[in-house]
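Spelled out, the chains give:
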Amino acid sequence: MSWFEAIVLGLVQGLTEFLPVSSSGHLVIAKELFGIETADISFEIAVHAATVLSVIIVFWKQIINLLAGLFKFKYNEQTKYILMICVSMIPVFVVGMFFKDSVESLFGSGLFTVGLALLVTAMLLTFSETIKTTEKPLTYGRAFVVGLAQAVAVIPGLSRSGSTIATGLLCGMKKSEVTQFSFLMVLVPILGEAFLELLGGGFSASSVGSLPLALGFVAAFISGLFACKFMISIVKRAKLRWFAIYCAIVGITCLIFNVL
């Protein structure tokens, strides 16, 4: 991977992370277009961690508020919210512990898997808008169900934000509430994965190389920081069907190119 390709892929990650269109799927598509082959997913981990850091900066007030409530060392609304985030992490923890190799193999499965997963994303987003929102509150049970959606969305092409937001809407939650929860619940799993990769020497031993990893990280962070507020605002207000149409078009295109 060249430095230019790393920057382009980082920009793709940063700009698509905050839309329900699957940033990991777009990374696979971009790698296919550039003809990039990697033996591991260190680059994907790095650029995902970069965009998560941009989320921390954008949501720093909410995060500080949650931590302030947590360190009062009593059960309050902030503690409850953090515990619900912990509950949502259980399914993705199980997937990471027991199915890591299977997940990594999916990133090398090419456009066919991405195309099918994007079509599933499109159907999920469309179906979620047919359900009338009853503005049910976030509970431990709903947090776990949304966490299940996040665990399934490790498949490239199946949008993590799209799956979690759509699942929250299907559970009757408000779009604004489930959108914020969707972005906060991913902080610990992705940063934790990046930390373990760093401890295990995965980044230094990566086939991508240190310079492309660093450039991809910086590009993803800067573009993610620029896009985060704007994109999240769009997701909260826009009809999900427009993202569904986009995912369907890209998914069908991927399947066509896979056949050719």
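Small disclaimer: the values here were computed from a predicted structure and weren't measured.

Chemist: An account of the layout of surface pockets is requested, with residue identities and associated values reported.
Modeler: Volume-wise, the largest pocket comes out at about 960 Å³. Around the largest pocket sit 35 residues that line it, and V92, V154, P189, I190 and E193 are the ones nearest its centre. Those elements that provide at least two residues to the lining of the largest pocket are helix 2 (23-34), helix 3 (42-58), helix 5 (77-98), helix 6 (100-106), helix 9 (160-170) and helix 11 (187-199). Of the residues forming the lining of the largest pocket, the biggest block, seven residues, is contributed by helix 11. Considering only residue class, the lining of the largest pocket consists of 18 nonpolar, ten polar and seven charged.

Chemist: I'd like a rundown of the side chain of T164, residues and numbers included.
Modeler: With respect to the helices and strands, T164 occurs in helix 9. The exposure class assigned to T164 is buried, which follows from its relative accessible area of 0%. Within the structure, T164 has its side chain in polar contact with the backbone oxygen of R160 (distance 2.8 Å). Other than its neighbours up to four places away in sequence, T164 contacts V146, A149, Q150, V178, S182 and M185.

Chemist: Let's hear about the confidence of the model for the protein: which residues, and what values?
Modeler: Looking at the protein, pLDDT values average 87 and 93% of them are 70 or higher. Taking the mean pLDDT of every element in the protein, the minimum, 74, falls on helix 11 and the maximum, 95, on helix 8 (residues 140-152).

Chemist: I'd like to hear about helix 4 (residues 60-70), residue by residue, with values.
Modeler: Those residues of helix 4 lying buried are I63, L66 and G69. Mapping the buried residues of helix 4 onto a view down its axis gives an arc of 130°, with all of them on the same face.

Chemist: Help me get a handle on the packing of aromatic side chains, residues and values and all.
Modeler: Describing an aromatic ring pair means giving the distance of the ring centres and the angle of the ring planes. On inspection of all chains with the given rule, the structure shows four aromatic pairs. Ring plane angle 80° and centroid distance 5.9 Å describe the contact between F71 and F73, whose orientation is recorded as edge-to-face. Looking at F71, the relative accessible area reads 54%, which means it is exposed.

Chemist: Lay out the environment of G10 in plain terms, naming residues and giving numbers.
Modeler: Summarising the element assignment, G10 is placed in helix 1 (residues 3-16). Residue class for G10 comes out buried when judged on its relative accessible area of 0%. Each C-alpha atom, one on G10 and one on K31, is 11 Å from the other, the two residues being 21 residues apart in sequence. Dropping the residues within four chain positions of it, G10 is found in contact with F43, V47, G216, A219, A220 and S223.

Chemist: An account of the pattern of salt bridges is requested, with residue identities and associated values reported.
Modeler: Close approach of charged atoms lets side chains of opposite charge pair. By the definition in use, this model includes two salt bridges. Salt-bridge contacts for E44 lead to K31; the nearest nitrogen and oxygen are separated by 2.8 Å. Residue E44 is found in helix 3, and its partner K31 is found in helix 2; the two are separated by 13 residues along the sequence. Linking R241 and E129 is a salt bridge whose minimum nitrogen-to-oxygen distance equals 3.7 Å. With a gap of 112 residues between them, R241 in helix 13 (residues 240-259) and E129 in the loop between helix 7 (111-128) and helix 8 connect regions that are remote in the sequence. R241 gets classed as partly exposed once you look at its relative accessible area, which sits at 41%.

Chemist: Talk me through the nonpolar core; I want residue IDs and the actual numbers.
Modeler: Judged by nonpolar contacts, the single largest core of 56 residues is most densely connected at F59, Y81, F181 and L184. Here the element with the most residues in this core is helix 5; it accounts for seven residues. Beyond its immediate stretch of four places on either side in the chain, Y81 contacts L66, L138, Q180, F181 and L184. By size, the runner-up hydrophobic cluster in this structure holds twelve residues, among which are A30, I36, F43 and L213.

Chemist: Tell me about the side chain of R160, and please be specific about residues and values.
Modeler: Its place among the elements puts R160 in helix 9. Buried charge R160 goes without a salt bridge, the closest partner of opposite sign being E17 at 4.4 Å. A distance of 2.9 Å separates a polar side-chain atom of R160 from the backbone oxygen of S182. Not counting residues within four places of it along the chain, the set of residues in contact with R160 comprises E17, Q150, A153, S182, F183, M185 and V186.

Chemist: So what's going on with the packing of helix 5 against helix 8? Which residues, and what values?
Modeler: Packing of helix 5 against helix 8 leaves a shortest axis separation of 8 Å and a crossing angle of 35°. As for the relative orientation of helix 5 and helix 8, their crossing is right-handed in sense. The segment helix 5 lies against helix 8, with K80, L83, M84, V87, S88, I90, P91, V92 and V95 engaging Y140, A143, F144, G147, L148, Q150 and A151. Across the contact of helix 5 with helix 8, the residue classes break down as twelve nonpolar, three polar and one charged.

Rules used throughout
Residues numbered from 1 in each chain as written. Predicted model: local features only at pLDDT ≥ 70, side-chain atom pairs only at ≥ 80, totals over all residues. Heavy atoms only, no water. 1 Å grid on protein atoms, 1.4 Å probe; cavity = no way out; pocket = protein on both sides within 12 Å on 5 of 7 lines; lining within 4 Å. Points joined across faces, edges and corners; volume = space filled by probe spheres on them. Helix = DSSP H or I, 4+ residues; strand = E, 2+ residues; numbered from the N terminus. Nonpolar A, V, L, I, M, F, W, Y, C, P; charged D, E, K, R; others polar. Buried < 20%, exposed > 50% of the residue type's maximum accessible area, 1.4 Å probe, protein only. Polar contact = N/O pair within 3.5 Å; in protein donor to acceptor, adjacent residues only side chain to side chain. Contact = heavy atoms within 4.5 Å. pLDDT = per-residue confidence, 0-100. Arc of directions from axis to C-beta. Phe/Tyr/Trp six-rings, centres within 6.5 Å; stacked < 30°, edge-to-face > 60°. Salt bridge = Lys/Arg side-chain N within 4 Å of Asp/Glu carboxyl O. Core = buried A, V, L, I, M, F, W, Y, C linked by side-chain atoms within 4.5 Å. Lys, Arg positive; Asp, Glu negative; His and termini not counted. Axes fitted to C-alpha atoms, helices over the stretch in contact; angles between N-to-C directions. Left-handed = near helix turned anticlockwise from the far one by under 90°.

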